[in-house]
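Breakdown of the fold
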Amino acid sequence: MCRHLGYIGPPVRVGEMLTLGSHSLRTQSWAPKDMRRGGTINADGFGVAWWHTAQDVVTVSRYRNAAPIWTDPAVEEVLPQLESSAMLGAVRSATVGMPVERSACAPFTRDRWAFSHNGVVPDWRRTLTAVAAEFALIAAELGAEELFTAARLLEAESATDTATLWVLLCDLLATTSPDGEWSAAPAALRLLVSAILDRAPEARLNFLLCDGAQLWATTCHHSLSALVTDSFAILSSEPFDDDPRWQSIPDRSLVTARPGALSVDALL
């Protein structure tokens, strides 16, 4: 069901973060330890996003490939030449019936945001269309009728649950409710997970979101671990080494992480 990794801290080589440790993200693509019946390998593509600042403007770039991560020489020959203080990487195990293509690979990006999803939404077309319809009613009351429409859902990069989830999450992040909550990342993640589980209780919804300065994640069925120190913060589907400071995150949690700070709250 995919593996992902997010990092915030001192500048690192982007490619090296994909191969760091004895159980690196790249290793997890063929030898994951905790897929929880979500498949056996993650060979249907990979991607990585990283952040950079120019003239005080923070932007995010990405690299994606639909081939297995271990077949791409860019991981060791090109990506290590890039340095960033934030990165988000993901390896993919495609759900049966969903396309194996570059546009289906996380991370998905927009503005300063990058997003990955480890899991699956059952009957995703019906489920996410219903979620969008619910959100559209609320958005209309806020004068944001252009959000959460069928046309917006068609903007998804690929015909997959994750790409469509990203469209919904972007609209949530762009919408401010009267209490100011929707546009906050934790509230947006919590609202999206809750709306999906109301319609598809078996959905697996481990989300990972980053804006270049902070990481947010949800755990809903799949595994997640955190390694946070005063200088850096890492969230990963599985620990990539034997550092005893790794913390296992409980199921149904909402996580916020940055250097020196880790918050784990109830998701629902």
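Refer to the structure above for everything that follows.
Overview of the structure. (Residues numbered from 1 in each chain as written. Predicted model: local features only at pLDDT ≥ 70, side-chain atom pairs only at ≥ 80, totals over all residues. Heavy atoms only, no water.)

1. Some remarks on the packing of helix α6 (residues 161–173) against helix α7 (residues 185–199)
The geometry of a pair of packed helices is captured by two quantities: the angle between their axes and the separation between those axes. Between α6 and α7, whose axes approach to 9 Å, the crossing angle comes to 135°. With respect to each other, α6 and α7 are oriented oblique. When the axes of α6 and α7 are compared, the crossing they make is right-handed. Each of Leu165, Leu168, Leu169, Leu172 and Leu173 in α6 lies in contact with α7, whose residues at this interface are Ala185, Ala188, Leu189, Leu191, Leu192 and Ile196. Taken together, the residues that form the contact of α6 with α7 break down as 11 nonpolar, no polar and no charged. (Axes fitted to C-alpha atoms, helices over the stretch in contact; angles between N-to-C directions. Helix = DSSP H or I, 4+ residues; strand = E, 2+ residues; numbered from the N terminus. Parallel < 35°, antiparallel > 145°, perpendicular 65-115°, else oblique. Left-handed = near helix turned anticlockwise from the far one by under 90°. Contact = heavy atoms within 4.5 Å. Nonpolar A, V, L, I, M, F, W, Y, C, P; charged D, E, K, R; others polar.)

2. Observations concerning the sheet that holds strand β8 (residues 215–219)
Taken together, the 6 strands give an open sheet; going across it, the order is β5-β6-β7-β8-β12-β13, and neighbouring strands pair in antiparallel fashion. Because the sheet does not close on itself, it has two edges, and the strands there are β5 (108–110) and β13 (261–266). The average angle at which neighbouring strand axes cross in this sheet is 15°, direction not considered. The pairing of strand β6 (residues 113–120) with strand β7 (residues 204–210) spans 7 bridges and is antiparallel. Pairing of Ser116 across the sheet is with Leu208, part of β7. Against the sheet, α6 touches β5, β6 and β7, its axis set at about 135° to β6. Helix-sheet contacts for α7 involve β6, β7, β8, β12 (253–258) and β13, and the interaxial angle to β7 is about 160°. (Pairing = 2+ DSSP bridges.)

3. Quick look at the pattern of salt bridges
Enumeration according to the criterion identifies 12 salt bridges in this entry. Residues Arg3 and Glu238 are paired through a salt bridge, measuring 2.7 Å at the closest nitrogen-oxygen approach. Of this pair, Arg3 sits in strand β1 (residues 3–13) while Glu238 is found in the loop between β10 (233–236) and β11 (247–248), placing the two residues 235 residues apart along the sequence. The same class applies to Arg3 as to Glu238, namely buried. Asp171 is the salt-bridge partner of Arg152, the closest N and O atoms lying 2.3 Å from each other. A residue pair is termed long-range when its members are at least 10 positions apart, and Arg152 in helix α5 (residues 150–153) and Asp171 in helix α6 qualify at 19 residues. No difference in accessibility class separates Arg152 from Asp171, as the two residues are buried. One network of salt bridges, with partners in common, ties together Arg62, Arg64 and Glu157. (Salt bridge = Lys/Arg side-chain N within 4 Å of Asp/Glu carboxyl O. Buried < 20%, exposed > 50% of the residue type's maximum accessible area, 1.4 Å probe, protein only.)

4. What to know about the side chain of Thr127
As for its position among the elements, Thr127 is in helix α4 (residues 124–141). Apart from the residues within four sequence positions on either side, Thr127 is in contact with Val121, Pro122, Ile196, Arg199 and Ala200.

5. Topic: the packing of aromatic side chains
Under the counting rule described, the total for this entry stands at 7 aromatic pairs. With a centroid separation of 5.4 Å and 70° between ring planes, the pair formed by Phe135 and Phe148 is classed as edge-to-face. Of this pair, Phe135 sits in helix α4 while Phe148 sits in the loop between α4 and α5, placing them 13 residues apart in sequence. For the pair shown, Phe135 and Phe148 are each scored as buried. Among the aromatic residues, ring-to-ring pairing joins Phe115, Trp166 and Phe207 into one connected group. (Phe/Tyr/Trp six-rings, centres within 6.5 Å; stacked < 30°, edge-to-face > 60°.)

6. Regarding the pairing of β7
Along any regular strand the residues' side chains alternate between the sheet's two faces. Counting buried residues in β7 gives 7 out of 7 residues, a clear majority hidden from the surface. Burial along β7 is two-sided: the residues Arg204, Asn206, Leu208 and Cys210 and Leu205, Phe207 and Leu209 are all buried. Adjacent in sequence and paired antiparallel, β7 and β8 are bridged by 4 residues, among which Gly212 carries a positive phi angle near 95°.

7. Thoughts on the nonpolar core
Counting residues in each nonpolar core, the largest one holds 44 residues, and the members touching the most others are Leu169, Leu192, Ile196, Leu205 and Leu209. Listing elements by their share of this core, those giving two or more residues are β6, α4, α6, α7 and β7. A per-element tally of this core places α6 first, with 9 residues. With sequence-adjacent residues up to four places away left out, Ile196 is seen in contact with Val121, Thr127, Leu128, Val131, Leu165, Ala203 and Leu205. (Core = buried A, V, L, I, M, F, W, Y, C linked by side-chain atoms within 4.5 Å.)

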